[in-house]
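Listed below are the residues making up each chain.
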Amino acid sequence: MKKKAFNYLLIIITFFSSVSYLFSSAIPLMQGVNFWLLSFLALAFPYSFLLQFLIGIVWLFVHKKRALFVFLILVPGLQQITSVFSFKFSSIENSATEPNVIRILSWNVSRWDERNKKKRGGVSFRPLMLDYIKIQNADILCFQEFFECIAPEYFEENIPEIKKMGYPYVYFTPSSKLFENKFQYGLCIFSRFPITDSGFMNPVPGIHSEGISFADIALENSTIRIFNSHLESPGLTKNDFNNDGTAKVSGTTVAKIKNAYDLRYKQAEYLNNAVKESPYPVVLCLDMNDVPTSNIYYKVRNNLCDAFLEKGTGIGKTYRFLSPFMRIDYLFTDPSLSLLTAEIGQCTYSDHFPVLVSFSEKTQ
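If you're wondering where the values come from, they're calculated on a predicted model, not measured in any experiment.

Undergrad: When you look at the overall build of the protein in this model, what are you seeing that I'm missing?
TA: What the protein contains, in helices and strands, is ten helices and 14 strands. Looking at the protein residue by residue over its 364 residues, the buried ones come to 51%. When contacts within the protein are restricted to residue pairs at least 6 apart in sequence, those whose partners lie at least 24 apart make up 70%. Accessible area of the protein: about 17,400 Å², with a carbon and sulfur share of 59%.

This is the structure in structure tokens:
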């Protein structure tokens, strides 16, 4: 009798797990669907996959034919699985010998940690972050949540400090200015190569997003367009989390996630169109604030190459907190560019990890 009850319970669990997994697996087909619950399905996908797989293992000991059915259900989610996990390997050392190699660093610097100065007795991680950037020796830098203070009595300026590292070309687009414009926050692009044109657009402004900036960069043999963007985030605060770091399930938290998704979806549509209209090969650096199993990810990625999936290894987590599957920072490249390496820098001075990519420029 106990065995029969166990089988019934397992069938019920299998049914709900399978339905949930199949809905999550269909997300890549829903690029044109603006429905905020898809955001939760995308976040849950890795766990749905693991649950479905474990259920299949259990069925192996109970009923092998049903186990086969459970494992077959995993197949529709293969595209999602390959968006989460990368098993590629690339050699950073070998890339240094390639001709015309361009190295890019994209990083949400979380305002250089300056807001945490009081917590640390007047010292932030800013000097260590600047040292890290200098060591990476990238040719192009794209920063999100960049903070520039033009009142040295409060904070030191960052643009002059980074220019000293050998980046004479700068395009800073503050999306917000406070205290009589002394505190400026937004997107910033630095380059060792000339910036021939640039622009900024913010058609769908949000409290926790920074619009879209671009810079046309003249390389030795060609020109590329660098996009830098930060899409809307829920703006969760410490009050939205439990003591163990998990998010609270409350009306306020759900409302923040829903509102952020609605804005992010519209921003993604505009970003996608801007990329399509580029006259040059594109490199897109962004804090998407969404995981690679989301419909927003597929909308933004479109025909571009996800550098981490092409050349990285593992899960590629870029946000230090919440889930181990939080890859929300990306660097996409035009298919015409030759990707060489991609890595997630394990630098813990910001709440985001930096993304570093190298490629060979397209010769004309």
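Undergrad: Is there a simple way to explain the sheet that holds strand E4 (residues 169-178) in this structure?
TA: Read across the open sheet, the six strands follow the order E4-E5-E3-E2-E14-E13; overall the sheet is mixed. Either end of the sheet is taken by a strand with one partner, and the two such strands are E4 and strand E13 (338-344). Here the average twist between neighbouring strands, direction ignored, is 20 degrees. Helix-sheet contacts for helix H6 (residues 126-136) involve strand E2 (101-108), strand E3 (140-149) and strand E14 (355-360), and the interaxial angle to E2 is about 165 degrees.

Undergrad: Would you explain helix H3 (residues 64-73) in this entry?
TA: Owing to its 3.6 residues per turn, the α-helix brings residues three or four apart onto one side. Buried within H3 are the following residues: Ala67, Val70 and Ile73. The buried residues of H3 all sit within an arc of 115 degrees when viewed along its axis, so they share a single face. Exposed residues lying more than 90 degrees from the buried face of H3 are Lys64, Lys65, Leu68, Phe69 and Leu72.

Undergrad: Help me understand the sheet that holds strand E12 (residues 329-333), please; the structure alone is not making it clear to me.
TA: Picture the strands of a sheet paired through backbone hydrogen bonds; they go either parallel or antiparallel. If you walk across this open sheet you meet the six strands as E6-E7-E8-E9-E12-E10, and the pairing is mixed. Here the strands that pair on one side only, and so sit at the sheet edges, are strand E6 (195-201) and strand E10 (305-306). Pairing analysis gives eight bridges linking strand E7 (residues 211-218) to strand E8 (residues 223-230), with the strands arranged antiparallel. Looking at the pairing, Gly211 lines up with His230 of E8.

Undergrad: What's the story with the environment of Val58 in this structure? I'm lost.
TA: For Val58, the location among the structural elements is in helix H2 (residues 37-62). You can call Val58 partly exposed: its relative accessible area is 33%. Separated by 48 residues in sequence, Val58 and Leu10 have C-alpha atoms that sit 8.9 Å apart. Once you skip the residues sitting within four places of it in the chain, Val58 turns out to touch Phe6 and Leu10.

Undergrad: Would you mind going over the packing of aromatic side chains with me for this structure?
TA: In this description, a pair of aromatic rings is defined by centroid distance and the angle of the planes. Going through the model one piece at a time under the given rule, you end up with 27 aromatic pairs. Ring centres 5.5 Å apart and planes at 85 degrees place the aromatic pair Phe147 and Phe183 in the edge-to-face group. Of this pair, Phe147 sits in strand E3 while Phe183 sits in strand E5 (residues 183-191), and the two are 36 residues apart along the sequence. Taken individually, Phe147 and Phe183 each receive the classification buried, so the pair is uniform in this respect. Between Tyr297 and Tyr298, the ring centres sit 5.1 Å apart and the planes meet at 85 degrees, which makes this aromatic pair edge-to-face. The exposure class assigned to Tyr298 is buried, which follows from its relative accessible area of 6%. By the ring-pair criterion, three or more aromatic residues cluster together here, those being Phe147, Tyr154, Phe155, Phe179, Phe183 and Tyr185. Across the ring face of Tyr185, the terminal group of Arg111 is positioned such that the distance to the ring centre comes to 4.3 Å. Between the NZ or CZ atom of Arg225 and the centre of the ring of Phe214, over which it lies, the distance is 4.1 Å.

Undergrad: What's the story with the pairing of E14 in this structure? I'm lost.
TA: Moving residue by residue along a regular strand, the side chains alternate between the two faces of the sheet. The buried fraction of E14 is high, at six of six residues. Across the two faces of E14 the burial is the same, with Val355, Val357 and Phe359 and Leu356, Ser358 and Ser360 all buried. Relative to E14, E2 runs antiparallel, the two sharing six bridges. Bridging from a neighbouring strand, Ile104 pairs with Val357 of E14. Direction of pairing for E13 relative to E14: antiparallel, over a ladder of six bridges. Paired with Ser338 across the strands is Ser360, a residue of E14.

Undergrad: Would you explain the side chain of Asn289 in this entry?
TA: Along the chain, the position of Asn289 falls in the loop between strand E9 (282-287) and helix H9 (295-301). You can call Asn289 buried: its relative accessible area is 14%. Beyond its immediate sequence surroundings of up to four residues, Asn289 is in contact with His230, Leu231, Glu232, Ser233, Arg264 and Ile328.

The rules behind these values
Residues numbered from 1 in each chain as written. Predicted model: local features only at pLDDT ≥ 70, side-chain atom pairs only at ≥ 80, totals over all residues. Heavy atoms only, no water. Helix = DSSP H or I, 4+ residues; strand = E, 2+ residues; numbered from the N terminus. Buried < 20%, exposed > 50% of the residue type's maximum accessible area, 1.4 Å probe, protein only. Contact = heavy atoms within 4.5 Å. Areas by Shrake-Rupley, 256 points an atom, 1.4 Å probe, with all protein chains shown as cover. Pairing = 2+ DSSP bridges. Axes fitted to C-alpha atoms, helices over the stretch in contact; angles between N-to-C directions. Arc of directions from axis to C-beta. Phe/Tyr/Trp six-rings, centres within 6.5 Å; stacked < 30°, edge-to-face > 60°. Lys NZ or Arg CZ within 6 Å of the ring centre and 35° of its normal.

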